[in-house]
Amino acid sequence: MKGIGTCKPGDRVETFLLIKQATKGTTNQGSPFMTLILQDKTGDIEAKLWDAKDEHEQIYQPASIVRVGGEVQDYRGRTQLRIKSIRPAKAEEAVQISDLVPSAKKTKDELYEELSPFIFEIVNPNIQRITRHLLKKHRESFLVYPAATKNHHDYVSGLIDHVVSMLKLGKAIATLYPSLNKDLLYAGIILHDVGKVIELSGPVGTVYTVQGNLLGHISIMVNEIAMAAAELGIEGEEVMLLQHMVLSHHGKEEWGSPKKPMLKEAEILHYIDNIDAKMNMLDRALAKTAPGEFTERLFPLDNRQFYKPGIE
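Note that the structure is predicted; figures quoted are calculated from it, not measured.

Procedures and definitions
Residues numbered from 1 in each chain as written. Predicted model: local features only at pLDDT ≥ 70, side-chain atom pairs only at ≥ 80, totals over all residues. Heavy atoms only, no water. Salt bridge = Lys/Arg side-chain N within 4 Å of Asp/Glu carboxyl O. Buried < 20%, exposed > 50% of the residue type's maximum accessible area, 1.4 Å probe, protein only. Axes fitted to C-alpha atoms, helices over the stretch in contact; angles between N-to-C directions. Helix = DSSP H or I, 4+ residues; strand = E, 2+ residues; numbered from the N terminus. Parallel < 35°, antiparallel > 145°, perpendicular 65-115°, else oblique. Left-handed = near helix turned anticlockwise from the far one by under 90°. Contact = heavy atoms within 4.5 Å. Nonpolar A, V, L, I, M, F, W, Y, C, P; charged D, E, K, R; others polar. 1 Å grid on protein atoms, 1.4 Å probe; cavity = no way out; pocket = protein on both sides within 12 Å on 5 of 7 lines; lining within 4 Å. Points joined across faces, edges and corners; volume = space filled by probe spheres on them.

(A) Quick peek at the pattern of salt bridges. Per the stated rule, a full pass over the model turns up 17 salt bridges. Here Glu46 and Lys48 are joined by a salt bridge, their closest N and O atoms 3.7 Å apart. The residue Arg87 makes a salt bridge to Glu93 at a minimum N-O spacing of 2.6 Å. Judged by its relative accessible area of 29%, Arg87 is partly exposed. Shared partners join several salt bridges into a network, and the residues in it are Lys20, Asp44, Asp154 and Arg284.

Next comes the structure, spelled out in structure tokens:
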């Protein structure tokens, strides 16, 4: 069978899948159900488990493998799996989580090798020391965590994949606009999402931690920068500027930023972050779309469908 990420309405499914997310809900009539996000290496799909019992909530947890039978259907412009049968995988079936988890196209070591030169391009000693300190502190998680629970770079090593892509875009923009402070821009790109290694639970069955829910990755990282500066004995404007880069990278208060960008480099960081996230979503949606057809509706992109031209 082809991967779940490439299935189209009408396709029948009988395969092992990993539960990426599981949430419980109630219909307007008061009947309980579960929404499952099921995945393999090719992508994920939403599925509904109707008439869910309490025991189902205990059995079908994130990061568990299930054997699923059903049919893919179109629901308001998005693919959805209609479950006809589901059960936990058996030990003797020897299916591993690693068989079903999507990951970046490049290895974590290859990505870190691409990132490293940008650190050495940071000339300001205070900015470089803080950046290196925090990368070293969180390196193990930074190399394998996703950048989000869904939508963009939501796969193993998605966080560093996102950062490396942003650094390349940042370098191109800084070449075009040399008045940009590359030290601030590169450090801001590298650090802006590192708080997600505390906000999120890990690369498999990713959910928000208690700190993630109560504080969020932006507040977490602002504190991490302050602690790093204190540990390194660094004082000065650079600490505040790095904190502002992190605080403002979502661009607007309603998008989760406590402050709007008030540095030229912070404004550019916000655009770069937005561009890379959206391009990742579009590339993945279009990769499973045939030429001459439209993608499924992409909720983070105003629920739009995108056309894949037949031209090369």
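(B) Representation of the packing of helix α3 (residues 125-142) against helix α9 (residues 237-247) in the model. Interhelical geometry of α3 versus α9 gives an angle of 55 degrees and a closest axis separation of 9 Å. Taken together, the axis directions place α3 and α9 in an arrangement best described as oblique. The crossing of α3 and α9 is right-handed. Counting all contacts with α3, which are made through Asn126, Ile127 and Ile130, the residues of α9 involved are Glu238, Val239 and Leu242. In terms of residue class, the contact of α3 with α9 is built from four nonpolar, one polar and one charged.

(C) Broad picture of empty space enclosed by the protein. Scanning the entire structure with this criterion turns up one cavity of 30 Å³ or more. Within this model, the largest cavity holds a volume of roughly 80 Å³. In terms of residue class, the lining of the largest cavity is built from eight nonpolar, four polar and two charged.

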